[in-house]
Amino acid sequence: MAGKFYEAPIDEYLPQNGNRGYRVSRYELELSYRVAGNRLTGRATITAVTTATHPRFALDLAQALTVAKVFVNGTKAAKFTHQHGKLVITPQQRIPAGGALSVVVLYGGIPKPVRGPWGEVGWEELTEGALVASQPNGAASWFPCDDHPSSKASYRISITTDSPYYALANGTLLRKQTKASQTTWVYEQPEPMPSYLATIQIGHYRKHRIGSVHAPVPMQAILPARLRANFDHDFARQPKMLEVFTEKFGPYPFEGYTVVVTDDELEIPIEAQGISIFGANHCDGRRGAERLVAHELAHQWFGNSLTIRQWRDIWLHEGFACYAEWIWSEAAGGPTADQLARAARHNLSRQPQDIVVGDPGPRRMFDDRVYKRGALTLHALRLELGDSTFFNLLREWTIRYRHSSVTTEEFTDLAGHYSLVPLRPLWESWLLAEPLPQLPPHGGASIA
Ligand SMILES: [Zn+2]
């Protein structure tokens, strides 16, 4: 799209998403949702600072939702158009660069998921209730936003829905108020969050605590009563998992952690900020999905606290979360990370070697080979550095870049400080070339 503010895309993987000319610092969403009929109405207040002087600016918002009114910096209605997923707003007065921008959008409709190469993402109706799983570009299915992972902001999400339902959003529950047949739930998420990790979960759920009341990180679960016994068994080791990850990765980055199990089956579990969402099928009473319980928990460090600036660096989320599965297996007395890495390498060696993990392309960014080879990259690094140096590096990584945006280069630069030998050959062979490298022999290259 040629034009005054449609400059180069923010991200070449999702050229339609993200916007220039401003930086959002806060979203305040006041939503109302009718489960019967899947009807959403919303008032979004977006606080931003302009980074350039433009006559117009855009927000991402799906066409399934209709905008009634927009206000900019005050009470007078602003002009807008809403086409091709872009809400383009023309303020009455031009706002100079560095100026404060407060935008109120009144909107509503019947939300539906965004369809793309990654399936359907965003707001999804359940048999009874709704869920939001937006990675990578589903956030615009339920609120107007600057839909790009490099755009992180604080949130207040208020959701009003029919009283028998439990409604969850990111952050801490500030208050809950029931009036007649409707209940309003207000959540505050103070740590910065990218739009794709913002979520709402609505269902016939009950809440209960996981682990000790004195645990350093409060953990809770919301799920249908019928799954309680299975859940208690399948997620029993999650507090131990948190302990292991805190030791290996550094302090847990948020105030709490909530696991949601939906009454419906889900193809895959998904992470949100401070929350992970599993399907009833992941709660089989036999710990059949414990690998994924570890994977989703690890995303709180890798993906949610440290979020990639560009989608091409997706291995910084998925490779790390996959490696956390192996770390957990080892800590829990199962196969060691080294055994799992060698098995994963063997499997990969029998698949096409036509993927570059450091830049897999938009269609293949969630390809399992990115996950596995990303994890193998970390294992190769661990063998190179030795265990204690490797985990010192991971802890510095999560502490130094806590709650911010990251790139592969920032990780490889930091890793360079932990190595006596140049790591460039390792990054080039694992991240930038297609042929699958050999893993060094176990313990062979350790300098620890
Ligand atoms: Zn993942």
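This is a predicted model, so every value here is computed, not measured. (Residues numbered from 1 in each chain as written. Predicted model: local features only at pLDDT ≥ 70, side-chain atom pairs only at ≥ 80, totals over all residues. Heavy atoms only, no water.)

Observations regarding the UniProt feature "domain: Aminopeptidase N-like N-terminal" (unreviewed entry) in the chain
Stage number 1. Under the local residue numbering, the UniProt record ascribes the feature "domain: Aminopeptidase N-like N-terminal" (unreviewed entry) to residues 26-197.
Stage number 2. Between the end C-alpha atoms of residues 26-197 the distance is 14 Å, and the span holds 0% helix and 61% strand. (UniProt positions renumbered as here; feature names shortened; annotations may be inferred. Helix = DSSP H or I, 4+ residues; strand = E, 2+ residues; numbered from the N terminus.)

Examining the coordination of the zinc ion
Ideal coordination angles are 109.5 degrees for a metal with four donors arranged tetrahedrally and 90 or 180 degrees for a metal with six donors arranged octahedrally.
Stage number 1. On the protein side, the zinc ion has His-295 (NE2), His-299 (NE2) and Glu-318 (OE) as donor atoms, found 2.0 to 2.1 Å from it.
Stage number 2. Counting along the primary sequence, the residues that act as donors to the zinc ion give the motif H-x3-H-x18-E. Taken together, the residues span a long stretch of sequence, with His-295 in helix α3 (residues 290-298) and Glu-318 in helix α4 (residues 315-331) at a distance of 23 residues. (Donors = N, O, S within 2.8 Å, 3.2 Å for Na, K, Ca; no water.)

A few points about the sheet that holds strand β16 (residues 206-210)
Stage number 1. One open sheet holds the five strands; their spatial order is β16-β17-β18-β20-β19, and the pairing between them is mixed. The two strands at the open ends of the sheet, each matched to only one other strand, are β16 and β19 (270-272). Sheet twist, expressed as the mean angle between neighbouring strand axes with direction ignored, is 20°.
Stage number 2. The sheet contact formed by β19 and strand β20 (residues 275-278) spans three bridges and is antiparallel. Looking across to β20, one finds that Ala-272 is bridged to Ile-275. (Pairing = 2+ DSSP bridges. Axes fitted to C-alpha atoms, helices over the stretch in contact; angles between N-to-C directions.)

Side note on the pattern of salt bridges
Stage number 1. Considering all chains together, one arrives at 26 salt bridges under this definition.
Stage number 2. Of the charged contacts in the structure, one is a salt bridge between Asp-162 and Arg-34, with a shortest N-O distance of 3.5 Å. A residue pair is termed long-range when its members are at least 10 positions apart, and Asp-162 in strand β11 (residues 152-162) and Arg-34 in strand β1 (residues 22-34) qualify at 128 residues.
Stage number 3. Residue class for Asp-162 comes out buried when judged on its relative accessible area of 14%.
Stage number 4. You can call Arg-34 partly exposed: its relative accessible area is 47%.
Stage number 5. One network of salt bridges, with partners in common, ties together Arg-26, Glu-28, Arg-156 and Glu-188. (Salt bridge = Lys/Arg side-chain N within 4 Å of Asp/Glu carboxyl O. Buried < 20%, exposed > 50% of the residue type's maximum accessible area, 1.4 Å probe, protein only.)

Remarks on the layout of surface pockets
Take a probe with the size of a water molecule and roll it over the atoms, and the empty space left behind shows itself.
Stage number 1. Estimated volume of the largest pocket: approximately 790 Å³.
Stage number 2. The wall of the largest pocket is formed by 31 residues, among which Glu-267, Ile-268, Pro-269, Ile-270 and Tyr-371 lie closest to the centre.
Stage number 3. Elements that contribute at least two residues to the lining of the largest pocket include exactly β9 (119-126), β10 (129-133), β19, α3, α4 and α6 (368-385).
Stage number 4. Of the residues in the lining of the largest pocket, the class split is 14 nonpolar, five polar and 12 charged. (1 Å grid on protein atoms, 1.4 Å probe; cavity = no way out; pocket = protein on both sides within 12 Å on 5 of 7 lines; lining within 4 Å. Points joined across faces, edges and corners; volume = space filled by probe spheres on them. Nonpolar A, V, L, I, M, F, W, Y, C, P; charged D, E, K, R; others polar.)

Thoughts on the nonpolar core
Stage number 1. One finds Trp-142, Phe-143, Ile-200, Phe-245, Trp-315, Trp-397 and Phe-411 to be the most contacted residues of the largest nonpolar core, which totals 141 residues.
Stage number 2. Residues in contact with Phe-143, not counting those within four places in the same chain, are Tyr-27, Leu-29, Asp-60, Leu-61, Tyr-107, Tyr-155, Ser-195 and Ala-198. (Core = buried A, V, L, I, M, F, W, Y, C linked by side-chain atoms within 4.5 Å. Contact = heavy atoms within 4.5 Å.)

Structural notes on the confidence of the model for the chain
Stage number 1. For the chain, mean pLDDT is 95; residues scoring 70 or higher make up 97% of the total.
Stage number 2. Across residues 1-5, confidence stays below pLDDT 50; counting only partners more than four residues off in sequence or on other chains, it has seven contacts.
Stage number 3. Throughout residues 444-448 the model reports pLDDT below 50, and contacts reaching past four residues in sequence, or to other chains, amount to 14 contacts. (pLDDT = per-residue confidence, 0-100.)

Some words on the sheet that holds strand β6 (residues 86-90)
Stage number 1. The three strands lie next to each other as β3-β6-β5, forming an open sheet whose pairing is antiparallel. Edge positions in the sheet fall to β3 (57-60) and β5 (79-83), since each of these pairs with one other strand and no more. Across the sheet, the mean angle from the axis of one strand to that of its neighbour is 20°, orientation sign disregarded.
Stage number 2. The pairing of β3 with β6 spans four bridges and is antiparallel. Within β6, the residue paired with Leu-59 across the bridge is Leu-87.

With respect to the packing of helix α2 (residues 238-249) against helix α7 (residues 387-400)
Stage number 1. At a minimum axis distance of 7 Å, the contact between α2 and α7 shows a crossing angle of 90°. Judged on the interaxial angle alone, α7 and α2 are roughly perpendicular. Contacts between α2 and α7 involve Glu-247, Lys-248 and Phe-249 from the former and Phe-391, Leu-394, Arg-395 and Thr-398 from the latter.
Stage number 2. Across the contact of α2 with α7, the residue classes tally to three nonpolar, one polar and three charged. (Parallel < 35°, antiparallel > 145°, perpendicular 65-115°, else oblique.)

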